[in-house]
Amino acid sequence: MDPLDGFDSPRRDEATADSRSAWTRFSSWLECVCVVTFDLELGQAIELVYPQDVKLTEKEKTSICYLSFPDSYSGCLGDTQFTFRLRQSVGRQGFRDIYNRDAPVALQREKAHFFGYVYFRQVKDVSMKRGYFQKSLVLVSRLPYTHLFHSLLQIIAPEFFEKLEPFLEAVCNEIDQWPPPTPGQTLNLPIVGVVLQIRIPSKTDKPGGSPVRQITKENLLPAPTLLPTIHELDLFKCFQSVLIHLQMVWELALLGEPLVIMAPSPTVCSETVLALVSSISPLKFCCDFRPYFTIHDSEFREYTTRTQAP
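Now for a look at the structure at hand. Since the structure is predicted, the reported quantities are computational estimates derived from the model, not experimental observations. (Residues numbered from 1 in each chain as written. Predicted model: local features only at pLDDT ≥ 70, side-chain atom pairs only at ≥ 80, totals over all residues. Heavy atoms only, no water.)

## Overview of the overall build of the protein chain
Applicable threshold: A run of H or I in DSSP counts as a helix once it spans at least four residues, and a run of E counts as a strand once it spans at least two, with each numbered from the N terminus. Under the scheme applied here, a residue whose accessible area is under 20% of the maximum for its type counts as buried, over 50% as exposed, and between as partly exposed, the area being computed with a 1.4 Å probe on protein chains only. Whether two residues touch is decided by their heavy atoms; if any such pair falls within 4.5 Å, the residues are in contact. Residue exposure ignores everything except the shown protein chains as possible cover, and the areas themselves are Shrake-Rupley values with a 1.4 Å probe.
Across its full length, the protein chain carries ten helices and eight strands. When the 310 residues of the protein chain are sorted by exposure, 42% land in the buried category. For the protein chain, contacts bridging at least 24 residues in sequence account for 66% of all contacts bridging at least 6. When the accessible surface of the protein chain is split by element, carbon and sulfur atoms take 55% of a total near 17600 Å².

## A look at the packing of aromatic side chains
For the record, the criterion: Pairing of aromatic rings covers Phe, Tyr and Trp, the last counted by its six-membered ring, and requires centre-to-centre distances within 6.5 Å; plane angles under 30 degrees mean stacked, over 60 mean edge-to-face, and any other angle means tilted. To sit over a ring, a charge needs its Lys NZ or Arg CZ within 6 Å of the ring centre and within 35 degrees of the ring normal.
Per the counting criterion, the structure on display carries 14 aromatic pairs. A ring pair is formed by Phe-69 and Phe-120, whose centres lie 4.9 Å apart and whose planes are at 55°; its orientation type is tilted. One end of the pair, Phe-69, is in the loop between helix H3 (58–67) and strand E3 (78–87); the other, Phe-120, is in strand E4 (residues 113–124), and 51 residues separate them in sequence. Taken as a pair, Phe-69 and Phe-120 share a single burial class, namely buried. Taken together through their ring pairs, the aromatic side chains of Trp-29, Phe-115, Tyr-117, Tyr-145, Phe-149, Trp-178, Phe-285 and Phe-289 make up a single cluster. Lying across the ring of Phe-289, Arg-85 places its NZ or CZ 4.1 Å from the centre.

## Describing the nonpolar core
To keep things clear, this is the line we draw: What is meant by a nonpolar core is a set of buried Ala, Val, Leu, Ile, Met, Phe, Trp, Tyr and Cys residues, joined one to another through side-chain atoms within 4.5 Å.
With 48 residues, the main nonpolar core has Trp-29, Leu-137, Tyr-145, Leu-148, Leu-168, Ile-175 and Ile-198 as its most contacted residues. Considering every element that reaches this core, the biggest residue donor is helix H5 (residues 146–163), with eight residues. The contact partners of Leu-137, leaving out residues within four places of it in the chain, are Val-33, Cys-34, Val-35, Tyr-117, Val-118, Tyr-119, Leu-153, Ile-156, Ala-157, Phe-160, Phe-161 and Leu-168. Residues Cys-32, Leu-86, Val-118 and Tyr-292 belong to the second largest nonpolar core, which totals 20 residues.

## Re the sheet that holds E4
Stated formally: Here, any two strands with at least 2 DSSP bridges between them count as paired. Axis lines are fitted through C-alpha atoms, for helices just across the contact stretch, and the angle between N-to-C directions can take any value from 0 to 180 degrees.
One open sheet accounts for five strands, arranged E2-E1-E5-E4-E3; its pairing is antiparallel. Looking at strand neighbours, the two that pair on one side only are strand E2 (43–50) and E3, the edges of this open sheet. Each neighbouring strand pair of the sheet contributes to a mean axis angle of 25°, computed without reference to strand direction. Strand direction decides the pairing type here: E3 and E4, joined by ten bridges, are antiparallel. Residue pairing for E4: Asp-79 is matched across the bridge by Arg-121. Of the strands in this sheet, strand E1 (32–39), E3, E4 and strand E5 (132–141) touch H5, which is tilted by about 40° from E4.

## Points about the state of the cysteines
Operational definition: Two cysteine sulfurs form what is called a disulfide whenever their separation falls within 2.5 Å.
Taken as a whole and assessed by the stated rule, the structure comprises zero disulfides. In this structure Cys-172 is not part of a disulfide, and its nearest cysteine sulfur, from Cys-32, lies 9.1 Å away. For Cys-172, a relative accessible area of 0% puts it in the buried group.

## Notes on a nonpolar patch on the surface
Using the following cut-off: Patch members must show over 30% relative accessible area and no salt bridge, and they are joined within 9 Å when carrying like charges or within 5 Å when they are nonpolar side chains of Val, Leu, Ile, Met, Phe, Trp or Tyr. Within this document, salt bridges are pairs made up of a side-chain nitrogen of Lys or Arg and a carboxyl oxygen of Asp or Glu, the two lying within 4 Å of each other.
Together, Trp-250, Leu-254, Leu-255 and Leu-283 line one region of the surface with nonpolar side chains, adding up to about 400 Å² of accessible area. Relative to the helices and strands, Trp-250 is located in helix H8 (residues 246–255). Residue classification places Trp-250 among the partly exposed positions, given a relative accessible area of 35%.

## Some thoughts on the sheet that holds strand E6 (residues 186–191)
Judged by pairing direction, the sheet is mixed, and its three strands sit side by side in the order E6-E7-E8 without closing on themselves. The strands lining the two open edges of the sheet, one partner per strand, are E6 and strand E8 (225–226). Direction of pairing for strand E7 (residues 194–199) relative to E8: parallel, over a ladder of two bridges. Within E8, the residue paired with Gln-197 across the bridge is Leu-226.

## Let's talk about the pattern of salt bridges
On inspection of all chains with the given rule, the structure shows eleven salt bridges. In this structure, the salt-bridge partner of Asp-288 is Arg-85, at a minimum N-O distance of 2.8 Å. A residue pair is termed long-range when its members are at least 10 positions apart, and Asp-288 in the loop between helix H9 (266–278) and helix H10 (300–304) and Arg-85 in strand E3 qualify at 203 residues. The exposure class assigned to Arg-85 is buried, which follows from its relative accessible area of 5%. Of the charged contacts in the structure, one is a salt bridge between Arg-87 and Asp-288, with a shortest N-O distance of 3.8 Å. Taken together, the residues span a long stretch of sequence, with Arg-87 in strand E3 and Asp-288 in the loop between H9 and H10 at a distance of 201 residues. For Arg-87, a relative accessible area of 28% puts it in the partly exposed group. Via salt bridges that share partners, Arg-85, Arg-87, Glu-110, Asp-288 and Arg-290 belong to a single interconnected network.

This is the structure:
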């Protein structure tokens, strides 16, 4: 045995550094990708985390498990997409880069929370003991790029459920080739035979500025799919059922007053919460918010036992 291979040896430190640097580009977009499944004995459980060297605390894993399935998913047959937000564990090292310096405040990288972008599938399957196939593919990120990541899930999730881990590994390796998100730049992001073309907003952008324009400098095959936004939602769709109350809820959001959203599905719930948060843009919503929340969340008690009046 080589004595230099000890626990604190420079060789081991070098290997650890190489492991981290190997996923530098990937980590500028995503923290990790999780696969959550339903285990008859354990309930919801994480089946896979990729890259495999990503360290999630037990509390983070538990939160991801509970938040990745609709709370009452008996009626959610087919595919369901929604977003959640969870608090990072104390002591986790923050992500340091120059992105936040040039990004709009509402799109800055989260320092204390993760976003989870979920693609949940439930279909009847007689080969399963419960009679259903139930699995979620979750993109965990510090970036509030709701439209981009749900568009990405629509591309990769259906094929993942057929090909499983080898396909997910190939997807993550492709993401690791993407250029980092740089405010003000238009980027081409290739993924499983599709090229997504996006523009990263900058804090110097003028309100109502021109949308992303197709890059003509290079001949891309296939032709890129343009995403007009990486984060914006259809506000009318989100608020159409509460239009007569819109000014009131906007004022509540602006003042940071407590507000509970109850909806028939996690999709409607998370989109409504995110729409409310974005409605005060270009100001940043500085209070805590949870696009999707269940009574099983480890922080549920924290929100329901406060004695002060709302």
